[in-house]
Amino acid sequence: MNDDRGLNRDGTIAREGSLSRVQEEFAPVVAAARSRIAEVFGPDRLDSAYIYGSIPRGTATPGVSDLDLQLVLRREPTAPDRADADAVEAGLDASYDEIDGVGALLSSADSLLSELERHDGGFFLACLCTPLLGDDLAARLPRYRPTSLLARETNGDLSLLLPRWHKQAAEATTDAERRALSRRAARRIVRTGFTLVMPQWGGWTSDLAESAELFARYYPHLPERAGQMRLAARTGRTPTADPAVLSLLVDDLAPWLAAEHIAVHGEKAPRP
């Protein structure tokens, strides 16, 4: 297992991505995203834009990885803003075979800089997002450490997702829908499993396999859960339409993990 704990020399969490790490195959995709976002949103609406995930980490797989974007607007996003972001997603996804899907998050600058989002959206932007357009809001946010507070505010709300996942699983009628849900749920489960043990380990990683192994290291007395977490990590990288796997993740592992995370770190501060 990689012994690099993703920290700066002062013990704060280092920003994990960089445009210099973008692989050659994805450079045109990133350039097109920058151009298209600037064209559609313009300086009046757009404060800044970022990419995150495997592409800026330099670990993306052509034809398999998706393009993840964070768009920060000068005001709270509206329905027309979401429609424009959806159009950007669809246009980029249709134009480049190197990516399998595009997802664009929309937030306002005021929200990400607020006290409520300091250890969730603010942390996400400052440590997990790579600047693409505009001034980097990370300069206005604190340095972060792998604390219980960070664990609680980033992933202390898994229980709130369970009813939605159950509904989506019950209503899924195609393999594509089941694969999409398995990928989404598995990634969130692994991130929650990692943050459960993050303060004990004392570092940060977004690597799914490493996250699962770290969970297993600190839960040796629950080998069945460790095996399920490894399955979640594999599913997050290679989604499956198998209803049995989806049920194991959503109906068994996720409820246990949600309760355990709250027992250890507490519940995430409620949002309006």
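Per chain, the residues get numbers from 1 upward, laid out in the order the sequence is written. Only residues with pLDDT of 70 or above have their local features reported here, since the model is predicted, and side-chain atom pairs are shown and tallied only from 80 upward, although totals for entire chains, interfaces and linings are computed over all residues. For side-chain calculations, the full set of non-hydrogen atoms in the structure is used, while hydrogens and water are omitted.

Peer 1: Which residues make up the overall build of the protein, and what are the values?
Peer 2: Scanning the protein from terminus to terminus reveals eleven helices and four strands. With C-alpha atoms as the basis for the radius of gyration, the globule rule is written as 2.2 Å multiplied by the number of residues raised to the power 0.38. Against the globule reference of 19 Å for 272 residues, the protein gives a C-alpha radius of gyration of 18 Å, in line with a compact fold. Principal-axis analysis of the C-alpha atoms gives the protein an extent of 55 × 45 × 40 Å. By the burial criterion, 49% of the 272 residues in the protein qualify as buried. Contacts: residue pairs with any heavy atoms within 4.5 Å of one another. Across the protein, contacts joining residues at least 24 apart in sequence account for 75% of those joining residues at least 6 apart. Computed with the Shrake-Rupley method and a 1.4 Å probe, the accessible areas treat only the protein chains shown as cover for residues. When the accessible surface of the protein is totalled, it reaches about 12,600 Å², and 51% of it is carbon and sulfur. As used throughout, the charge tally considers Lys and Arg to be positive and Asp and Glu to be negative, leaving His and the chain termini uncounted. Taken as the charge location is NZ of Lys, CZ of Arg, CG of Asp or CD of Glu. In the protein, the 32 positive side-chain charges and the 40 negative ones have mean positions that sit 3 Å from each other. Secondary structure counts use DSSP, requiring at least four H or I residues in a row for a helix and at least two E residues in a row for a strand, with both numbered from the N terminus. Burial status follows relative accessibility: with a 1.4 Å probe on protein chains alone, a residue under 20% of its type maximum counts as buried, one over 50% as exposed, and anything between as partly exposed.

Peer 1: Outline the environment of Leu248, supporting the account with residue identities and numerical values.
Peer 2: Assignment of secondary structure puts Leu248 in helix H11 (residues 243-265). Every residue in contact with Leu248, bar those within four places of it in the chain, is listed here: Gln228, Leu231 and Leu253.

Peer 1: Let's hear about the packing of aromatic side chains: which residues, and what values?
Peer 2: Side-chain rings of Phe, Tyr and Trp (the six-membered ring for Trp) are treated as a pair once their centres are within 6.5 Å; stacked means planes under 30 degrees apart, edge-to-face means over 60, and tilted covers the remaining angles. The final tally for this structure, using the stated rule, is eight aromatic pairs. For the ring pair Phe194 and Trp201, a centre distance of 6.0 Å and an interplane angle of 75° mean the geometry is edge-to-face. Judged by its relative accessible area of 2%, Phe194 is buried. The exposure class of Trp201 is buried, given its relative accessible area of 3%.

Peer 1: Give a description of the packing of helix H9 (residues 208-218) against helix H10 (residues 223-237) that names residues and reports values.
Peer 2: All axes are obtained by fitting lines to C-alpha atoms, using only the stretch in contact for helices, and the reported angles, taken between N-to-C directions, cover 0 to 180 degrees. Direction vectors running N to C along H9 and H10 enclose 175°, while the axes themselves pass 9 Å from each other. On the basis of their axis angle, the class for H9 and H10 is roughly antiparallel. Two secondary-structure elements touch here, H9 through Leu208, Ala209, Ala212, Glu213, Phe215 and Ala216 and H10 through Arg225, Ala226, Met229, Arg230, Ala233, Gly236 and Arg237. For this classification, Asp, Glu, Lys and Arg are treated as charged, while Ala, Val, Leu, Ile, Met, Phe, Trp, Tyr, Cys and Pro are nonpolar and the rest, including Gly, are polar. Partitioning the contact of H9 with H10 into residue classes produces eight nonpolar, one polar and four charged. For this classification, under 35 degrees means roughly parallel, over 145 means roughly antiparallel, 65 to 115 means roughly perpendicular, and everything else is oblique.

Peer 1: Describe the nonpolar core, listing the residues and the values that go with them.
Peer 2: Buried residues of nine kinds, namely Ala, Val, Leu, Ile, Met, Phe, Trp, Tyr and Cys, make up a nonpolar core once their side-chain atoms join them within 4.5 Å. In terms of nonpolar packing, the biggest core is built from 53 residues, with Phe123, Leu125, Trp165, Ile189 and Met229 touching the most fellow members. A total of ten residues in this core trace back to one element, the largest contributor, which is helix H8 (residues 175-201). Setting aside anything within four residues of it in sequence, one finds Phe123 in contact with Ile13, Glu117, Arg118, Leu128, Tyr144, Leu150, Thr154 and Trp204. Among the nonpolar cores identified, the runner-up in size contains 27 residues, and Val22, Val40, Leu69 and Val88 belong to it.

Peer 1: Can you tell me about helix H5 (residues 121-128), naming the residues and giving the values?
Peer 2: Counting buried positions along H5 gives eight out of eight residues, so the element sits mostly inside the fold. For H5, the full list of buried residues reads Gly121, Gly122, Phe123, Phe124, Leu125, Ala126, Cys127 and Leu128. Looking at the packing, one finds that the buried side of H5 touches strand E1 (46-52), strand E2 (67-73), strand E3 (102-108), helix H4 (109-112), strand E4 (129-134) and helix H6 (148-155).

Peer 1: Please provide a residue-by-residue account of the sheet that holds E3, values included.
Peer 2: Pairing between two strands requires that DSSP report at least two bridges joining them. On the basis of which strands lie adjacent, the open sheet formed by four strands has the order E3-E2-E1-E4 and mixed pairing. Of all the strands in the sheet, just E3 and E4 have a single pairing partner and so form its edges. Looking at each pair of strands side by side, their axes are set apart by 25° on average, direction ignored. In this structure, E2 lies alongside E3, joined through seven bridges in parallel fashion. Across the sheet, the residue bridging to Leu73 is Ser108, located in E3.

Peer 1: Can you tell me about the packing of H8 against H11, naming the residues and giving the values?
Peer 2: It is at 10 Å that the axes of H8 and H11 come closest, and there the two elements cross at 25°. Taken as axis vectors, H8 and H11 run roughly parallel relative to one another. Crossing handedness for the pair H8 and H11: left-handed. Contacts between H8 and H11 pair Arg178, Leu181, Ser182, Ala185, Ala186, Ile189, Thr192, Gly193, Thr195, Leu196 and Pro199 from the former with Pro243, Leu246, Leu249, Val250, Leu253, Ala254, Leu257, Glu260, His261, Val264 and His265 from the latter. Looking at side-chain class alone, the contact of H8 with H11 contains 14 nonpolar, six polar and two charged residues. Take the far helix as your reference; a near helix turned counterclockwise from it by less than a right angle gives a left-handed crossing, and one turned clockwise gives a right-handed crossing.

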